[in-house]
Amino acid sequence: MRIFDCAKFFAHQGKTVILPPKLDVPYKNPAYDQIYGTLKDTAYYGKCPDLQVNGVWYEHEGYASFNPKTNLSNMLKRGLRQSDRIIIEDCGLTDSYMKRNILVRISESQCIKEVYVKMGCDIRLLFKAE
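Residues numbered from 1 in each chain as written. Predicted model: local features only at pLDDT ≥ 70, side-chain atom pairs only at ≥ 80, totals over all residues. Heavy atoms only, no water.

Given two aromatic rings, their pairing is described by the distance between the two centres and the angle made by the two planes. Applying the stated rule across the entire model yields 8 aromatic pairs. Note on Phe9 and Tyr116: the rings are 6.0 Å apart at their centroids and 70° apart in plane angle, and the pair reads as edge-to-face. On the criterion of sequence distance, the pair formed by Phe9 in helix α1 (residues 2-12) and Tyr116 in strand β5 (residues 114-119) is long-range, its members being 107 residues apart. Residue Tyr116 is classed as buried on the basis of its relative accessible area, which comes to 7%. A ring pair is formed by Phe10 and Tyr58, whose centres lie 5.1 Å apart and whose planes are at 40°; its orientation type is tilted. A residue pair is termed long-range when its members are at least 10 positions apart, and Phe10 in helix α1 and Tyr58 in strand β3 (residues 56-61) qualify at 48 residues. Judged by its relative accessible area of 5%, Tyr58 falls in the buried class. (Phe/Tyr/Trp six-rings, centres within 6.5 Å; stacked < 30°, edge-to-face > 60°. Helix = DSSP H or I, 4+ residues; strand = E, 2+ residues; numbered from the N terminus. Buried < 20%, exposed > 50% of the residue type's maximum accessible area, 1.4 Å probe, protein only.)

One open sheet holds the 6 strands; their spatial order is β1-β2-β3-β4-β5-β6, and the pairing between them is mixed. Pairing within the sheet leaves two strands with one partner each, and these edge strands are β1 (17-18) and β6 (122-128). Bridge analysis of β1 against strand β2 (residues 51-53) gives 2 bridges, and the strand direction is antiparallel. From the neighbouring strand, Val17 faces β2, where its bridge partner is Val53. Contacts from helix α4 (residues 95-107) reach β4 (85-89), β5 and β6, with the element oriented near 45° to β6. (Pairing = 2+ DSSP bridges. Contact = heavy atoms within 4.5 Å. Axes fitted to C-alpha atoms, helices over the stretch in contact; angles between N-to-C directions.)

See below:
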């Protein structure tokens, strides 16, 4: 349901959204290149991001812990394995804390282009690389 909310958010902006299927063993599946072919020659080839918006891949991440700082760290770590554009669930941290965490990761050479925060059915842009 959370991924559908993300898809609706982008679709309401007039963007083309594709929700691809999850593939259990992507590198062995002959359909992988047909579905995720645009990831070829990127660090994310072999991964299965959650949605494609206007030809750009996004990954949604949620959390299960009660520690907000751990939640943010885990969501960014897992999400950035799939895409450099991620949508994270609101974990109760301030925007300034989350942006500072993102900027530290960028200074450590992690590639982060966009981060959205999902709060219920609403989604807002938190960070976009310039």
